Amino acid sequence: MTIRRFPVKTPVYLSCLPIDMRKSINGLAVVVQGSFELDPFQGALFVFCNKSKDKIKVLHWDKDGFALYYKRRERGRFCWPSFDAEGGTVDVTMNDLNRLLDGLLMEKFIPHKNYLIL
């Protein structure tokens, strides 16, 4: 599954902490405003994952209302990165989000080796 409806330059924010998947649009918007100190009406995508990393919700303001996208893995887990920060968000690209939804590791979080050229 890829979210192709949005322009590549759409801001994407991943939640650093797991979220209770019982939260609906209003609950997630409160988390964006209160915990992340971001504006949920800015048109960005806010991505949340549960503790077991098998469910993802994406919150988006769509000019005249909120849209909530939900994906559940039947087998396996999402390759949700581990964060050093306690709380808040990490911004990623739309391509990274699509890789995450496809079950791949996001480019931003793949460790790159430094090679010494002699």
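Cut-offs and rules
- Residues numbered from 1 in each chain as written.
- Predicted model: local features only at pLDDT ≥ 70, side-chain atom pairs only at ≥ 80, totals over all residues.
- Heavy atoms only, no water.
- pLDDT = per-residue confidence, 0-100.
- Helix = DSSP H or I, 4+ residues; strand = E, 2+ residues; numbered from the N terminus.
- Buried < 20%, exposed > 50% of the residue type's maximum accessible area, 1.4 Å probe, protein only.

**Q** Could you give an account of the confidence of the model for the chain, with specific residues and numbers?
**A** Overall, the prediction assigns the chain a mean pLDDT of 83, with 81% of residues at 70 or greater. When the elements of the chain are averaged for pLDDT, strand S5 (residues 89–92) gives the smallest value, 82, and helix H1 (residues 25–34) the largest, 95.

**Q** So what's going on with unusual backbone geometry? Residues and values would help.
**A** Positive phi, close to 60 degrees, is recorded for Lys53, a residue that is not glycine. Mapped onto the fold, Lys53 is located in the loop between strand S2 (45–49) and strand S3 (55–61). Although it is not a glycine, Lys63 adopts a positive phi angle of roughly 65 degrees. Among the secondary structure elements, Lys63 is positioned in the loop between S3 and strand S4 (66–72). For Lys63, a relative accessible area of 78% corresponds to the exposed category.

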